[in-house]
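Each chain is listed here by its residues.
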Amino acid sequence: MAEEHTTAAGQPIQEAVIEAQEAQRMPPNDGRWTRLFDHFKREWQIYAMLLPTIIWFLVFLYKPMYGLQIAFKDYSIFRGVANSPWIGLEHFQTLFSNDQFLRAIGNTIKISALNLIFGFPAPIILALMFNEVLHASYKRTAQTIVYLPHFISSVIIAGIVITAFSPTAGIVNTIIGWFGLDPVYFLTQPQWFRPIFVGTGIWQEAGFGSIVFLAAIAGVNPSLYESAVVDGANRWQMMWKITIPSILPTILIMLIIRIGNVMEVSFELVILLYQPATYETADVVNTWIYRQGLQSGQYDLAAAGGLFNAFVAFVLVMTANTLSRRYSRTSLW
Amino acid sequence: MSGVNLNGIVKCYGAVEVVHGIDLTVAEKEFVVLVGPSGCGKSTTLRMIAGLEEITAGDLTIHERRVNRIAPKDRDVAMVFQNYALYPHLNVADNMAFGLRIRKMPKDEIKTTIEDVAGILGLTEYLDRRPADLSGGQRQRVAMGRAIVRHPKVFLFDEPLSNLDAKLRTQMRAEIKRLHNRLGVTSVYVTHDQVEAMTLADRIVVMNDGRIEQVGTPMELFNNPANTFVAGFLGSPPMNQIKGTLTQTGAQVGDTEIKISGAMNGQAGRDVIVGIRPEHITLKASKNTSALPIDLDLVEPLGSEALLHGRHDNVEMVFKADTDGDIAHLSGVNAVHINPDLVKLFDAETGRALNFGA
Ligand SMILES: Nc1ncnc2c1ncn2[C@@H]1O[C@H](COP(=O)(O)OP(=O)(O)OP(=O)(O)O)[C@@H](O)[C@H]1O
Ligand SMILES: [Mg+2]
């Protein structure tokens, strides 16, 4: 990552050189199409290798988009997607006059904001901390322990959380009990849902998420640190002045991706942890869509909700990427 | 007063000893170059002086202070790294200021120091640029600037020019020499390039396999190599080394006798290696010279000189001859003439120089 950052300015020159070389190989007055044809003929292996990915995208991501049109139709399963009549933006009007949907948007944004504020820095801090651990086997053991929850299915994670916060046998309430306090019914109280949900997310993913930052840290040129040591920097200064700036491009890329997923609060974990008593704070757009669309059979309304979700995510990613490219020369594309 | 003093310095990585007890004194303001083949322990030695590697045994003093257990930052040394080690996210000025800020130098003082040094190095107009937007030579200068602004007691250089192309390297070499003349800071410079060593050094330290082979001024080493390794390492092309046997007046090489000045002290019959520098020959016989017949197989013109590749008694040899503007006359060469004063002799077994008479 750091390396890419350094050569960022040199890149266009290299590309220009390659283009110039290619131009030399081509007869000078060939047309564009001939050139394109020659290009494919020469590089076909690379395109062949790309093909499975393109097919996967077409089949599993683009083809289902055909069905998105029901967001603008009065859809019935008997008439099918194509034959249902168009009704314009009626579903969107319904959505935005629905208090539960608006509440779900609010909840999604609040949970995502908490996730961003607490969940995003967690793996970075963890990676920086691992980087300072010098004892190799201690470091390996600690890393394994924090990676582990990532590999446990959400159902089991939810089970662990529910057990831990149970008012009768849960460890949390047992500890509270030691201080002579009454047990708290955490999972039935709306004000506790968000902290528990966000905390669970961090517990589950921070360790695994730190891998990408550890990889970025490993890519930092070691002589930068040696030079800083000779200059008299301590470990704290090296972390702030070398490590963090060096992995900043990685941090920004991860942040852009994260922002794109703002509307995608990990929906199965919500479903597993929430209950009607906590809908007030726990019901997010995706869970609302799930209940409306799949459980009550309003597929067209659910599609409209999903489309809205995707649209917001799209706008967010575009914005974040543009800002990042402008201010830090780092971007996803 | 000595600048840097190494006394029996040993370095082990685990059970493997890679530096076997080095003794070396670098005088204050002296420019010492460590040179040797790859893997001989030059960098390791330099990094022990910097404090980046622990010293397994021996004493290291800088300005009369034992620093074995002193942290790098308190040794008052500055190091220039092979890959420059510039911070990619900082501009030139901030790169140079890095060490000063860490040492809490007042802001305005930092500013004037940086401006001074940038002036010396011709970097004034690049102070706002990031390293990625500089040429190799400019980056190299920034790396030097970062060392210079600290006003250290000792400069350490680890192959600082090896990433530059040949022309730039020659240029920067001269610049480093000028800087040293101007600043007069004790310097230890590592390179595997013998030309760099010859041109830059006040004294050269030739290392091989974790040991010092010889220490001396460039001309001392060139004229009187202590052994066949040094003889073969310095000079380009290197000294020709031919097996032979001592006679009363010189050395017998195949069926030819090469006359050598100096008494042989009745050691006739002893096996030796005869060393002849490529440049120490003439094409015309003169008084005292001995002729060495050769089968010429290649002439490489270099301009004013040419390299003659040939064989004598199936031993390959290279000689240098003047071209006088044309190489046609060199193709007929079938013997070279050797001045008896310039021939070196080495013990055939130990490779040590034999100092008969001369
Ligand atoms: N961290 C290490 N662990 C084990 N052995 C090492 C380590 N660093 C260096 N060595 C060994 O020490 C010896 C000296 O290495 P050093 O880097 O000092 O060589 P050098 O003279 O600088 O060579 P070069 O010209 O290639 O830079 C080598 O044989 C190398 O393999
Ligand atoms: Mg080295």
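Residues numbered from 1 in each chain as written. Chains lettered and ligands numbered in written order. Predicted model: local features only at pLDDT ≥ 70, side-chain atom pairs only at ≥ 80, totals over all residues. Heavy atoms only, no water.

- Under an unreviewed UniProt entry, chain B has the name ABC transporter and belongs to Paramylibacter kogurei.
- UniProt, in its Sequence similarities (unreviewed entry) section for chain B, records the words "Belongs to the ABC transporter superfamily." (UniProt positions renumbered as here; feature names shortened; annotations may be inferred.)

1. Brief notes about the site of ligand 1
Residues and elements named next belong to chain B.
- Around ligand 1, the surrounding shell consists of Y13, V18, S38, G39, C40, G41, K42, S43, T44 and E159.
- Take G41: an N or O atom from its main chain is 3.0 Å from an oxygen atom of ligand 1.
- Contact between ligand 1 and K42: an oxygen atom at 2.8 Å from a side-chain N or O atom of the residue.
- Compared with its free state, where it exposes 640 Å², ligand 1 has 57% of that area covered by protein.
- Here the residues of the shell around ligand 1 sort into three nonpolar, five polar and two charged. (Near = heavy atom within 4 Å. Polar contact = N/O pair within 3.5 Å; in protein donor to acceptor, adjacent residues only side chain to side chain. Areas by Shrake-Rupley, 256 points an atom, 1.4 Å probe, with all protein chains shown as cover. Nonpolar A, V, L, I, M, F, W, Y, C, P; charged D, E, K, R; others polar.)

2. Some points on the interface of chain A and chain B
- Contact residues are listed per partner, giving 20 residues for chain A and 23 residues for chain B.
- Counting the surface lost from both chain A and chain B, the interface buries some 1900 Å², and carbon and sulfur atoms represent 60% of this.
- When the buried area of chain A at its contact with chain B is split by residue, E226, V230 and D231 of chain A rank highest and sum to 32% of it.
- Between the two partners, chain A and chain B, sit two salt bridges.
- When the shortest N-O distance is used, the salt bridge between R150 of chain B and D231 of chain A registers 2.7 Å.
- Applying the counting criterion to the chain A and chain B interface returns 10 residue pairs in polar contact (both at pLDDT 80 or more).
- For the side of chain A that touches chain B, the secondary structure elements donating two or more residues are α1 (2-7), α12 (222-231) and α13 (235-260) of chain A.
- Here the side of chain A that touches chain B takes eight residues from α12 of chain A, the largest share from any one element. (Contact = heavy atoms within 4.5 Å. Buried area = accessible area lost by both parts, 1.4 Å probe. Salt bridge = Lys/Arg side-chain N within 4 Å of Asp/Glu carboxyl O. Helix = DSSP H or I, 4+ residues; strand = E, 2+ residues; numbered from the N terminus.)

3. As for unusual backbone geometry
Residue and element names in this part refer to chain B.
- For the bond running from S236 to P237, omega is -5°, close enough to zero to count as cis.
- By the element assignment, P237 lies in the loop between α8 (228-233) and β11 (240-246).
- Although it is not a glycine, E64 adopts a positive phi angle of roughly 70°.
- For E64, the location among the structural elements is in the loop between β4 (57-62) and β5 (65-66).
- Its identity is not glycine, yet Y84 carries a phi of approximately 70°, on the positive side.
- Counting through the fold element by element, Y84 comes out in the loop between β6 (77-80) and α2 (92-102).
- For Y84, a relative accessible area of 7% translates into the label buried. (Buried < 20%, exposed > 50% of the residue type's maximum accessible area, 1.4 Å probe, protein only.)

4. Section: the domain arrangement of chain B
Residue and element names in this part refer to chain B.
- Entries for chain B in the domain assignment read domain 1 (2-229) and domain 2 (237-354).
- Taken together, the contact pairs eight residues of domain 1 with 10 residues of domain 2.
- For the domain 1 and domain 2 pair, buried surface summed over both sides reaches about 680 Å², with 56% attributable to carbon and sulfur atoms.
- In terms of surface lost to domain 2, no three residues of domain 1 exceed F222, P225 and T228, which account for 69% of the buried area on that side.
- Run the count over domain 1 and domain 2 and you get zero salt bridges.
- The interface formed by domain 1 and domain 2 holds six residue pairs in polar contact (both at pLDDT 80 or more) in total.
- Of all the elements, helix α7 (residues 218-223) adds the most residues to the side of domain 1 that touches domain 2, at three residues.
- Its residues assigned to classes, the side of domain 1 that touches domain 2 comprises four nonpolar, four polar and no charged. (Domains from an automatic or database assignment.)

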